[in-house]
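Chain by chain, the residues run as shown.
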Amino acid sequence: LGNLYNSIVKNLEKNREVQQNIQVQWLIIDDGSTDNTEEVINQYISEKKIEIQYHKQENQGKMSAINNVVQYADGNLIVECDSDDIFSDNAFYDILQAYYETKERNDLYGLCFLKYDLKGNNIGNRFQREETTMFDLYFKEQENGEKAIVFFANIRKQYQYKIEKDEKFSTEARMYHEMDLKYKMKCINKPIMICDYKADGYTKNIQKIFKENPYGHYAYFKEILEQHDMTGISLKKRLYVIKHYILFSYLTKQYRIGSIKGMKNKMIYILLFILGMIKSYHFKNK
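Residues numbered from 1 in each chain as written. Predicted model: local features only at pLDDT ≥ 70, side-chain atom pairs only at ≥ 80, totals over all residues. Heavy atoms only, no water.

Draft legend 1. Local environment of the layout of surface pockets. If you add up the space inside the second largest pocket, you get close to 320 Å³. Together, Phe210, Tyr240, Lys243, His244, Ile246, Leu247, Leu272, Leu275, Gly276, Lys279, Ser280 and Phe283 line the second largest pocket. Of all the elements in the fold, those that place two or more residues in the lining of the second largest pocket are α11 (235–252) and α12 (263–284). Per element, the largest residue contribution to the lining of the second largest pocket is six residues, and it comes from α12. Its residues assigned to classes, the lining of the second largest pocket comprises seven nonpolar, three polar and two charged. (1 Å grid on protein atoms, 1.4 Å probe; cavity = no way out; pocket = protein on both sides within 12 Å on 5 of 7 lines; lining within 4 Å. Points joined across faces, edges and corners; volume = space filled by probe spheres on them. Helix = DSSP H or I, 4+ residues; strand = E, 2+ residues; numbered from the N terminus. Nonpolar A, V, L, I, M, F, W, Y, C, P; charged D, E, K, R; others polar.)

Here it is as structure tokens:
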């Protein structure tokens, strides 16, 4: 948290234009931590360098925490940060410039920037298009890395992360894809966020995440297959979606081939079903 706090203060101190034209409100949601987070935040508040609101809840998971704290945001833009994220030195200046260019648009839900690791490497690829959706970015434009999204608050506050059966994790992409149905994002090939990215971190925890949160993931892949016929999507990505749909169908005991959109997708589902059930059984009992 200290690095994130310092990066916010540094951005405001470095760029006078930013300091004169925007105000920063830092909303912190403590999801049931048992360390000295509150004491640390109170120290930052006492310094009076930026507006800080501290909220605490019993542990409910990241998605619930963000859903609960977004309602307190008063500004025009919302950026969601994890505690190990920091803003790049010119982040607020770049955000402000992009906002001035797009603030009158009513077909965008936000600005999408690059995210770098601590070594200065781009976590993913540069944008291929000036405007896109999160679905197209990851399923048609071959993006596999991370991006930093600056949401227009009036749009973002109309949506929430969807949580199934009190699970504590659900992919953020469910909400993004819902927003994609009505809006697009403006893409800017500049980094605004730096994080301690570990390429194997998610992979190491994926089995545990899947087993503990199957209903949200089932809903995610089900929504993709119901809302998209996969036109323009590679076979590799198509197989990825259908294999995971079979896995989470098994884990949740929900089988709905009739809801799958597109004959090709249905045929792939049928061809993979038996092998998928066998692999899902071994996955569950591993």
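Text resumes after the structure shown.
Draft legend 2. Molecular detail of the packing of aromatic side chains. Counted by the stated rule, this structure contains 18 aromatic pairs. Ring centres of Phe87 and Phe92 lie 5.1 Å apart, and the angle between their planes is 65°; on these two criteria the pair is classed as edge-to-face. An identical accessibility class is assigned to Phe87 and Phe92; each is buried. Relative to Phe248, the ring of Phe210 lies with its centre 4.8 Å away and its plane at 85°, an arrangement referred to as edge-to-face. Taken together, the positions of Phe210 in helix α9 (residues 201–212) and Phe248 in helix α11 put the pair 38 residues apart, joining distant regions of the chain. (Phe/Tyr/Trp six-rings, centres within 6.5 Å; stacked < 30°, edge-to-face > 60°. Buried < 20%, exposed > 50% of the residue type's maximum accessible area, 1.4 Å probe, protein only.)

Draft legend 3. Here's a closer look at the packing of α11 against α12. Where α11 meets α12, the axes come as close as 8 Å, and the angle between the chain directions of the two elements is 50°. As summarised for this structure, α11 and α12 are arranged oblique, according to the angle between their axes. Helix-helix and strand crossings are classified by hand; for α11 and α12 the assignment is right-handed. For the pair α11 and α12, contact is made by Leu235, Arg238, Leu239, Ile242, Lys243, Tyr245, Ile246, Leu247, Tyr250 and Leu251 and by Lys264, Asn265, Ile268, Tyr269, Leu272, Phe273, Gly276, Met277, Ser280, Tyr281, Phe283 and Lys284, respectively. Split by residue class, the contact of α11 with α12 holds 15 nonpolar, three polar and four charged. (Axes fitted to C-alpha atoms, helices over the stretch in contact; angles between N-to-C directions. Parallel < 35°, antiparallel > 145°, perpendicular 65-115°, else oblique. Left-handed = near helix turned anticlockwise from the far one by under 90°. Contact = heavy atoms within 4.5 Å.)

Draft legend 4. Inspection of helix α10 (residues 214–227) at higher detail. Here α10 is 14 residues long and its end C-alpha atoms lie 20 Å apart, about the 20 Å a rise of 1.5 Å per residue gives. Within α10, 11 of the 14 residues are buried, leaving the element largely enclosed by the surrounding structure. Looking only at α10, the buried set comprises Pro214, Gly216, His217, Tyr218, Ala219, Tyr220, Phe221, Lys222, Glu223, Ile224 and Leu225. (Expected span 1.5 Å × (residues − 1).)

Draft legend 5. Broad picture of the pattern of salt bridges. Enumeration over the complete set of coordinates arrives at 21 salt bridges. The closest approach of N and O atoms between Arg129 and Asp136, which form a salt bridge, is 3.9 Å. Salt-bridge contacts for Lys162 lead to Glu223; the nearest nitrogen and oxygen are separated by 3.9 Å. Here Glu223 lies in helix α10 and Lys162 lies in the loop between α7 (153–156) and α8 (173–180), a separation of 61 residues in the sequence. In this structure Glu223 comes out as buried when scored by relative accessible area, which is 16%. A single network of salt bridges, built from pairs that share partners, joins Lys162, Glu164, Arg174, Glu178 and Glu223. (Salt bridge = Lys/Arg side-chain N within 4 Å of Asp/Glu carboxyl O.)

Draft legend 6. Structural context of the nonpolar core. Core analysis: the biggest nonpolar cluster contains 80 residues, and Trp26, Tyr109 and Phe113 have the highest contact counts within it. Tallying contributions element by element places α11 first for this core, with eight residues. Setting aside its immediate chain neighbours within four residues, Trp26 contacts Leu1, Leu4, Tyr5, Ile8, Tyr44, Ile50, Glu51, Ile52 and Gln53. (Core = buried A, V, L, I, M, F, W, Y, C linked by side-chain atoms within 4.5 Å.)

Draft legend 7. How the structure looks around the pairing of strand β5 (residues 108–117). Counting buried residues along β5, nine of its 10 residues qualify, which places the element largely inside the surrounding structure. Here β5 pairs with strand β8 (residues 184–195) via eight bridges, running parallel. Bridge pairing in β8 places Gly110 opposite Met185. With five bridges joining them, β5 and strand β7 (residues 147–152) adopt antiparallel strand pairing. Note on β7: the bridge partner recorded for Phe113 is Ala148. (Pairing = 2+ DSSP bridges.)

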